[in-house]
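# Reading the structure
Residue-level listing of the chains:
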Amino acid sequence: MRIGRTLPPAATPLSLREILCGVRAFFSGDKALERFEEELKRYYDMPHVFLLSSGKAALAVILSALKETGAGRDEVLIPAYTCYSVPAAVVRAGLKVRPCDIDPRTLDFDWAKLEEALAGGRVLCAVSTHLFGLPADVERLRRAASRYGVAVVEDAAQAMGGEAGGRKLGTLGDVALFSLGRGKALSTVSGGIILTGDARLGAAIGRITGALPREGWIDGVTALCYALVLCVLVRPGLFWLPKALPFLGIGDTTFEPGFGIKRLGAFQAGLTLGWQDKLARMRAARLERAAVLERAGLEVPAPLGGALANLIRFPVLLEDGEQRRWLIEKSEAAGLGAATAYPDAVPNIPQLRGMAACAAPCAEQVAHRLVTIPLHPYVRMRDLEDLLGLVRESYRAR
Ligand SMILES: *Cc1c(COP(=O)(O)O)cnc(C)c1O
């Protein structure tokens, strides 16, 4: 166990001022929620915006709406390497997880395998994911999916504020979701957003969310406590403390389809006052750090190009699991915040065994070899130099 300066792998710091705005919103009815919703509609130029209790709740609602008009199709095509919340939301919506292997050079779908899966005739929708903020090729997926009448869900959970080819991420699919969870591009401790320009889908989602309960008193107070604790403990001078308490499960990835699905509470909406400026500031801070890492010539899994500014964590593909173990161990000892992402490919999630059978050797490779380097504002240039030194050393240590 390390006591002393420790960087979190991801952080979207909340200020005391923002927390006070949240508390004020908590006592002011729906005003903050309406403001945030209107601002999102304007920023994204989208007619239908819905605020949910989490990104996975947003995805479960989207899938339930698609299911209504899905003519008996029951499979959701997802990348075999993604956040475990994605298959959890599929199961929650009463649908079948259909993983498709990825291309380790882009972290996007393996297009040949995608075509095979689409041709099966059971796919309701396909989920395009901007992992770590790296833009997925949503256009290409749309072209393939449209031939089979399959809808495209854009999982922009990690990509709020991101752009690709001059277009905003979150506006490229038939419907999109963002997460406002901890460590995402913009965070309100917990929360999710749905965006769509599709009138029919918008109406179906509206009917579903209209029947959902709003987060109440207990949810609001819980979120406030989390916000206060995070505001203090996410600082590098104190982050060793929550990290040293194993029962908090910091950094653990679990598959948990039993999550709550509610409409977002007013406290979280209040935290977003001035979110456009904050998003821009956070992007600038991350870009400055990502540019340093890019110049160092690290082995990245995908061409970064214009996507550098979208990254919320910097992905590096190492040679093997042995090298990664070495690097993570050294980084932990020095408190530098290098971290793994998802522990295994989706078909290997124990609770999905047999239910989502699919050969996904590339997703497995990436799950075992990928490491992410933190880019948040607490990371100093000195930390990046130390991390770069460790990565270089890890090749020699193999
Ligand atoms: C975080 C995340 C989600 C789920 O969002 P929560 O707000 O944590 O429920 C979904 N997809 C991806 C890719 C994510 O990173």
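Naming follows an unreviewed UniProt entry, where the protein chain appears as DegT/DnrJ/EryC1/StrS family aminotransferase of Geomonas oryzisoli. Per UniProt, the protein chain has the following entry under Sequence similarities (unreviewed entry): "Belongs to the DegT/DnrJ/EryC1 family."

## Looking at the environment of Pro 374
Looking at where Pro 374 falls in the secondary structure, it is placed in strand E11 (residues 370-374). Distance in space between the C-alpha atoms of Pro 374 and Leu 384 is 8.7 Å, their sequence separation being 10 residues. For Pro 374, the contacting residues outside a window of four places in its chain are Pro 8, Pro 9, Leu 336, Gly 337, Ala 338, Val 379, Leu 384 and Leu 387.

## Here's the deal with the site of the ligand
Surrounding the ligand, one finds 14 residues, the nearest of these being Gly 55, Asp 155, Gln 158, Ser 179 and Lys 184. Contacts to the ligand include Asp 155, whose side-chain N or O atom sits 2.8 Å from a nitrogen atom. The separation between an oxygen atom of the ligand and a polar side-chain atom of Gln 158 is 2.6 Å. Against a free-state accessible area of 380 Å², the protein chains account for coverage of 92% of the ligand. Where the shell around the ligand is concerned, the elements lending two or more residues are helix H3 (55-68) and helix H4 (85-92). For the shell around the ligand, the per-class residue count stands at four nonpolar, seven polar and three charged.

## Let's talk about the sheet that holds strand E5 (residues 151-155)
Spatially, the seven strands line up as an open sheet ordered E1-E9-E8-E5-E4-E2-E3, and their pairing is mixed. Single-partner strands in this sheet number two, and they are strand E1 (48-52) and strand E3 (96-100). The sheet shows a mean angle of 25° between the axes of neighbouring strands, taken without regard to direction. Here strand E2 (residues 75-79) pairs with strand E4 (residues 123-129) via three bridges, running parallel.

## A look at the packing of aromatic side chains
Counted according to the given criterion, the structure contains nine aromatic pairs. The ring of Phe 259 has Arg 92 sitting right over it, with the charged end atom 5.3 Å from the ring centre. If you follow Lys 168 out to its NZ or CZ, it ends over the ring of Tyr 43, 4.6 Å from the centre.

## What to know about unusual backbone geometry
In this model, Ala 71 sits at a positive phi of 50°, which is unusual for a non-glycine residue. On the secondary structure map, Ala 71 appears in the loop between H3 and E2. Relative accessible area serves as the criterion here: at 76%, Ala 71 is assigned to the exposed category. Residues other than glycine seldom take positive phi values, yet Phe 132 does so here, at roughly 60°. Classification of Phe 132 as buried rests on a relative accessible area of 1%.

So, how was this worked out
Per-chain numbering applies: the sequence of each chain, read as written, is numbered from 1 onward. Residues qualify for local features only when their pLDDT is at least 70, as the model is predicted, and side-chain atom pairs are given and counted only at 80 or more; totals for whole chains, interfaces and linings, by contrast, use all residues. Hydrogens are left out, water is left out, and the side-chain values use all remaining heavy atoms of the structure. UniProt positions are given in the numbering used here, feature names are shortened, and annotations may be inferred rather than shown by experiment. Strands here mean DSSP runs of E at least two residues long; helices mean DSSP runs of H or I at least four residues long; both are numbered from the N terminus. In this description, contact between two residues means that some pair of their heavy atoms is separated by no more than 4.5 Å. Note on definitions. A residue lies near a molecule or strand when any single heavy atom of the residue is within 4 Å of it. Polar contact is defined as a pair of N or O atoms within 3.5 Å, subject to the rule that within protein one atom must be able to donate a hydrogen and the other to accept it, and that residues adjacent in sequence are counted only when both atoms are side-chain atoms. The method behind every accessible area is Shrake-Rupley, applied with a 1.4 Å probe, and residues are considered shielded solely by the protein chains displayed. Note on residue categories: nonpolar means Ala, Val, Leu, Ile, Met, Phe, Trp, Tyr, Cys or Pro, charged means Asp, Glu, Lys or Arg, and polar means any other residue, Gly included. If DSSP finds at least two bridges between two strands, the strands pair. Angles here are taken between N-to-C directions and fall from 0 to 180 degrees, while the axes themselves are lines fitted to C-alpha atoms, restricted in helices to the stretch in contact. Working definition: rings of Phe, Tyr and Trp (its six-membered ring) pair if their centres are within 6.5 Å, and the pair is stacked with planes under 30 degrees apart, edge-to-face with planes over 60 apart, and tilted otherwise. Ring-over charges, as used throughout, are those where CZ of Arg or NZ of Lys falls within 6 Å of the ring centre and within 35 degrees of the ring normal. Partly exposed residues are those whose accessible area sits between 20% and 50% of the maximum for their type, while under 20% is buried and over 50% is exposed, using a 1.4 Å probe and protein chains only.

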